[in-house]
Every structure is written in C-alpha cells, then in structure tokens.
Amino acid sequence: MPAPFRTPTRTAPGGRTPAPGAVGGPAGAAVALTAVHRSYTDGDGRVSALDGVTLRVPRGTFLAVMGPSGSGKSTLLNCASGLDRVTSGTVEIGGRDISGLREPDLTVFRRDHVGFVFQSYNLVPTLTAEDNITLPLRLAGVRPDAAWIDELVRRVGVADRLGHRPSELSGGQQQRVAIVRALAARPDIVFADEPTGALDGATADRTLSLLRGIVDDLGQTVVMVTHDPAAAARAHDTAVMASGRVVDLLHAPAAADLAGRLASLGADR
Ligand SMILES: Nc1ncnc2c1ncn2[C@@H]1O[C@H](COP(=O)(O)OP(=O)(O)OP(=O)(O)O)[C@@H](O)[C@H]1O
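Source: prediction; values computed, not measured.

1. Considering the site of the ligand
The ligand sits among Tyr40, Asp42, Val47, Ala49, Gly67, Ser69, Gly70, Ser71, Gly72, Lys73, Ser74 and Thr75. At the level of secondary structure, the elements contributing two or more residues to the shell around the ligand comprise strand E1 (29-42), strand E2 (45-58) and helix H1 (73-81). Within the shell around the ligand, the residues separate by chemical class into three nonpolar, seven polar and two charged.

Here it is as structure tokens:
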C-alpha cells in the first residue's frame, strides 16, 4: 500500500523536525491533498505545475507555503481551494472530496466553506467596509452571524471604520476588513495569497499577528503563500515547494533557516 502522505525529505537546517501530525493523519484535516498532479498545456508543451503533492493541514493550524518562483505555490493554493481543478489526485476540504464537483456545486461549496485573502484586498470600492464584509453572505442568502462578525471586527480593530469605503482606509485597514470578510462565514479554511505583500513592515507584522491569533485563539485554519521568510516564520508550519513538489515540511522554522533553504533551492527573492 502506498504511503498515505509524502514524508518530508529533510528537516530545517537548524535540525527542527516536522510537527507531529502536521501532515498525514486523516482525522481533523481542514484540507487534504492526496497525490495531486496539475499540468497545463502551453505553447511549448506540457508543464507539470504540481507533481504529486500529498499534504494535510490539520484544523486549527497555520501553514505557510514557500518556494522559488514557478515552484507551484499558486497552483497549490488554487487547487487546494477549489479555484482550479486537479489533473489527478484528490482534494478534500473539511472531509468532503471536492475533486469531482461540477462547477456550480464547486462555486457554492467554495462560498460556504472557503475564505480568501488576497495581496490586493479585492474589496468592492463602492461599498462600505461593513457591506464588503457581509456581501458574500447576503449574496448567498445567509443571515450574517452578527455576534461572530462583531467579535472579528473588534479583534482586528476596524470597528470604527465600518462605515468607510475602501478608498478611505489604509492598506492595512483594507486587509483587516478583507480578513473579516474571509472569516465571516466561519469557513473550514482560509487561503491567503501574499496577504502582506503590499503592506509596510509594521503593518505586515500586525496583519500576521492577526492571522496567527485567529488560528490560535479562534481555532480557524489558514494556509498562506508568501515569499517572505519572516512572514512564514509566523505560521506554525512551512511547506517548502520546488518543481511542483513539497520538498520540506518544517515545524516552526526560524526565518533565517527558511531563507537559507530557499537560497539553496535557487530562489531569487
Ligand atoms: N495557466 C497556466 N498555463 C500554463 N502554465 C502555467 C499556468 N499556471 C501556472 N503555470 C506554470 O506552472 C508552474 C508553477 O506556476 P505557479 O504560478 O504555481 O508557481 P509559483 O510558485 O506560484 O510562482 P511565483 O512565485 O512566481 O508566483 C510554472 O512553470 C508556471 O509557468
């Protein structure tokens, strides 16, 4: 019988070992990828963007995904979140296999079970912060859970900005509103794509603290793609990708160790 998950191939340069249960163990996985391949056909032939990824993200954990440009990070995020389809293998979110869902069902599933945070915030410019937060729920015909949203709004510190439009908010405030929007439906998992990429150092730091807090204090699950070793070091675990594979799964790596590992993989940023 094949191994149920890919065994990390190495530990951090500092000798840290992967978190027990950070991969594998089907129980309690917010998202589980099994033998996922994703290939694209382009002008030059076939590109294997994901080449056999098996990865489980336990509920209530914060996973960073790093790797050189072109290593497959965005493809991993897109496939794991149901934005893109796998060529082969399976993706389960909250125990539900989404690999075979038809498009309308997949759209509804994503809406109800997956939250997204983007580098560019993706707020609707004509709506207030409050309306941005509740828009996805209202479109779904779901009454927002006012107590939960209040808790989130207070936690991220935008309670006094709810009546403002995005253009009247700083980048950090817009990202905090986007984080509340992503969590409003209590998703199984939040995927964050370079969430601090457009923020200055101090604001990025605060945003990472918020993400870590919603995992540690509220039991949410976050998967974050980042190029920044210091950002990844704020997560519990880091998956390092190269050539479409997860080559390391590191528990609480130091930023310097991650930077060294990326340099060894030829990452130029
Ligand atoms: N739609 C597509 N069509 C063809 N090739 C694609 C497509 N999407 C991704 N690829 C290829 O798949 C590989 C992985 O791309 P991906 O965007 O996942 O990498 P990445 O690690 O996120 O890169 P970056 O850090 O530069 O954003 C690359 O070789 C890329 O060119």
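Okay, back to it.
2. Some words on the sheet that holds strand E5 (residues 96-97)
Two modes of strand pairing occur in sheets, parallel and antiparallel, and in both the strands are linked by backbone hydrogen bonds. Pairing is antiparallel in the open sheet, where four strands are placed in the order E2-E1-E4-E5. Of all strands in the sheet, those with a lone pairing partner are E2 and E5, marking the two edges. One ladder, built from two bridges, connects strand E4 (residues 88-93) with E5; its direction is antiparallel. Counted as the bridge partner of Ile93 is Arg96 from E5.

3. Let's talk about H1
Counting buried residues in H1 gives seven out of nine residues, a clear majority hidden from the surface. Positive phi appears at Gly82, one or two residues downstream of H1, with a value of about 80°.

4. Focus on the sheet that holds strand E8 (residues 222-225)
Taken in spatial order, the six strands line up as E6-E7-E8-E3-E9-E10 in an open sheet, and their pairing is mixed. Two strands lie at the open edges of the sheet, namely strand E6 (114-118) and strand E10 (245-251), each paired on one side alone. Along the sheet, successive strands turn relative to each other by an average axial angle of 20°, direction set aside.

5. A short note on the confidence of the model for the chain
Detail in the predicted coordinates should be disregarded across regions flagged by low pLDDT. Averaged over all residues, the pLDDT of the chain equals 89, while 89% of them reach at least 70. Low pLDDT (under 50) marks residues 1-26, which in the prediction has 46 contacts with non-local residues, meaning those over four places away or in another chain. The ipTM value of the predicted complex is 0.98, and its pTM value is 0.89.

6. A word on the packing of helix H4 (residues 146-156) against helix H5 (residues 171-183)
When two helices pack together, their arrangement is captured by the angle between the axes and the distance separating the axes. Direction vectors running N to C along H4 and H5 enclose 155°, while the axes themselves pass 10 Å from each other. Classified by the angle between their axes, H4 and H5 sit roughly antiparallel to one another. Of the two possible hands of crossing, H4 and H5 adopt the one that is right-handed. Taking contact as the criterion, the partners of Ile149, Leu152, Val153 and Val156 in H4 are, on H5, Arg176, Ile179, Val180 and Leu183. Here the contact of H4 with H5 is built from residues that sort into seven nonpolar, no polar and one charged.

7. Quick notes on the environment of Ala259
Secondary-structure assignment places Ala259 in helix H8 (residues 255-264). Sequence separation between Ala259 and Asp228 is 31 residues; the distance between their C-alpha atoms is 8.4 Å.

8. Let's talk about the pairing of E8
Put simply, side chains in a regular strand alternate between the two faces of the sheet. Every second residue of E8 is oriented toward a common face, with Val222 and Met224 on one face and Val223 and Val225 on the other, all of them buried. In the sheet, strand E3 (residues 62-66) pairs with E8 via four bridges, with the strands oriented parallel. Bridge pairing links Phe62 to Val222 in E8. As paired elements, strand E7 (residues 189-193) and E8 share four bridges and run parallel to each other. Residue pairing in the sheet places Val190 in a bridge with Val222 of E8.

Thresholds applied
Residues numbered from 1 in each chain as written. Predicted model: local features only at pLDDT ≥ 70, side-chain atom pairs only at ≥ 80, totals over all residues. Near = placed C-beta within 6 Å. Helix = DSSP H or I, 4+ residues; strand = E, 2+ residues; numbered from the N terminus. Nonpolar A, V, L, I, M, F, W, Y, C, P; charged D, E, K, R; others polar. Pairing = 2+ DSSP bridges. Buried ≥ 20, exposed ≤ 12 C-beta atoms within 10 Å, placed from the backbone. Axes fitted to C-alpha atoms, helices over the stretch in contact; angles between N-to-C directions. pLDDT = per-residue confidence, 0-100. Contact = placed C-beta atoms within 7 Å. Parallel < 35°, antiparallel > 145°, perpendicular 65-115°, else oblique. Left-handed = near helix turned anticlockwise from the far one by under 90°.

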